[in-house]
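Here is what each chain is made of, one letter per residue.
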Amino acid sequence: MAKRRMILYFGSFNPVHKGHTAMAEHVMDKGLGDEVAMIVSPQNPFKAEWMQAPEMDRLEMAERACRNSRYPDRIRPSVIEFLLEKPSYTINTLRHLTRNYGTEMSFSILMGSDIVNQLPLWREADAIIEGYDLLVYPRPDEPIRFTTPRTTVLEDAPRYEYSSTRIRETLEMNGDVSDMVDGDVLQYIREHGLWTSAAKIASLTAAMAREPKNAQLYLERGKCYFRRNEWGAAINDFRRAEELAPGNGEARQFIDMAEEILEFRYKDIYNP
């Protein structure tokens, strides 16, 4: 009996967007596998915890996106990494899946060019490179710089010009993301107040309590205040970031911009 060909699509999905779904649908259209498992990573070792929405929120959004795909019975989210040791190292997940399901399934990995370029930095990268087929789709402005003997480049894959980062930044500015995320996903984001500037500030503040000498946290919170035109709070955070990391030119740049704005807007004693 032939094994089911399972394509593993790892990601934070923070949030899942139309590009993710389109890519999963593409590999189904091409017959490159029998199913796609969108594996929601609860804790990516390359991403700070404060950057990510709670894992159950990301899972719920992935469930909605998969349900609304053209292959709802073949593209489904997986919670497998919720059950394994954190942070989520891909090699650990692959070994768990092979050990428990290898007699009935074969596994390949779907990833973007930005991710495959990082592959040599992953834990036990050689085991992944030697043991698994990779299906790689090009990302805008990210040429493929690393391949393996088992890499298939999906040259005709759908292209999308946005990312989860852009979506989060747009949401923080109260912008429209309806062309980038599924309608049910957007409804969930709004209902749960995800990726608002207030939520990001609260998350960064909580992270600061755990890491009070982390300059990057102050820099990021300062940017939030800057975008909200809360100049005093922004400058305070940028100055603290500069104190903690004296060589941080970005913090100094933001201080200069904020002070220039203040000097332009508040020129006299009647409008301090």
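Above this text you will find the structure in question.
The shown structure was predicted, so the numbers you read here are calculated from the model rather than taken from an experiment.

Participant: Sorry, what's going on with the side chain of Arg64 here?
Facilitator: By the element assignment, Arg64 lies in helix H2 (residues 55-67). On the accessibility criterion, Arg64 (15% relative accessible area) is buried. Beyond its immediate stretch of four places on either side in the chain, Arg64 contacts Asp182, Asp184, Val185, Gln187, Tyr188 and Glu191.

Participant: Help me out: how do you make sense of the environment of Met23 in this one?
Facilitator: As for its placement among the helices and strands, Met23 is situated in helix H1 (residues 18-29). Non-local contacts of Met23, meaning those with residues more than four positions away in its chain, are made with Tyr9, Leu110, Tyr137, Ala157, Pro158 and Tyr160.

Participant: Got a minute to help me understand H1 in this structure?
Facilitator: Side chains three or four residues apart in an α-helix point the same way, a direct result of the helix having 3.6 residues per turn. Under the 1.5 Å per step criterion, the end-to-end length of H1 is 16 Å for twelve residues, consistent within 8% with the ideal 16 Å. With respect to burial, H1 is a largely interior element, nine of its twelve residues being buried. What H1 keeps buried is the set Gly19, His20, Thr21, Met23, Ala24, Glu25, His26, Val27 and Met28. Following H1 by one or two positions, Gly31 has its phi on the positive side, about 65 degrees.

Participant: Help me understand empty space enclosed by the protein, please; the structure alone is not making it clear to me.
Facilitator: Where empty space is left becomes clear once a probe the size of a water molecule has been rolled over the atoms. A full pass over the atoms with the stated rule returns one cavity of 30 Å³ or more. Around the largest cavity, the lining residues are Glu81, Leu84, Glu85, Ser88, Tyr89, Asn92 and Thr93. Grouping the constituent residues of the lining of the largest cavity by class yields two nonpolar, three polar and two charged.

Participant: Just checking my understanding: could you explain the layout of surface pockets for this structure?
Facilitator: Its boundaries defined by the atoms lining it, the second largest pocket holds a volume of some 410 Å³. Lining the second largest pocket are 17 residues, and of these Trp50, Met51, Arg168, Trp195 and Lys200 sit closest to its centre. Elements that contribute at least two residues to the lining of the second largest pocket include exactly helix H6 (164-172), helix H8 (197-210) and helix H9 (215-227). Counted by class, the lining of the second largest pocket contains seven nonpolar, four polar and six charged residues.

Participant: Whenever I open this one, the packing of aromatic side chains confuses me. Can you help?
Facilitator: Aromatic ring pairs: the centre-centre distance and the angle between the two ring planes describe each pair. According to the stated counting rule, one finds seven aromatic pairs in the structure shown. An aromatic cluster is built from Phe226, Trp231, Phe238 and Phe254, whose rings are joined through pairwise contacts. Geometry around Tyr218 places Arg240 over its ring, the cationic atom sitting 5.9 Å from the centre.

Rules used throughout
Residues numbered from 1 in each chain as written. Predicted model: local features only at pLDDT ≥ 70, side-chain atom pairs only at ≥ 80, totals over all residues. Heavy atoms only, no water. Helix = DSSP H or I, 4+ residues; strand = E, 2+ residues; numbered from the N terminus. Buried < 20%, exposed > 50% of the residue type's maximum accessible area, 1.4 Å probe, protein only. Contact = heavy atoms within 4.5 Å. Expected span 1.5 Å × (residues − 1). 1 Å grid on protein atoms, 1.4 Å probe; cavity = no way out; pocket = protein on both sides within 12 Å on 5 of 7 lines; lining within 4 Å. Points joined across faces, edges and corners; volume = space filled by probe spheres on them. Nonpolar A, V, L, I, M, F, W, Y, C, P; charged D, E, K, R; others polar. Phe/Tyr/Trp six-rings, centres within 6.5 Å; stacked < 30°, edge-to-face > 60°. Lys NZ or Arg CZ within 6 Å of the ring centre and 35° of its normal.

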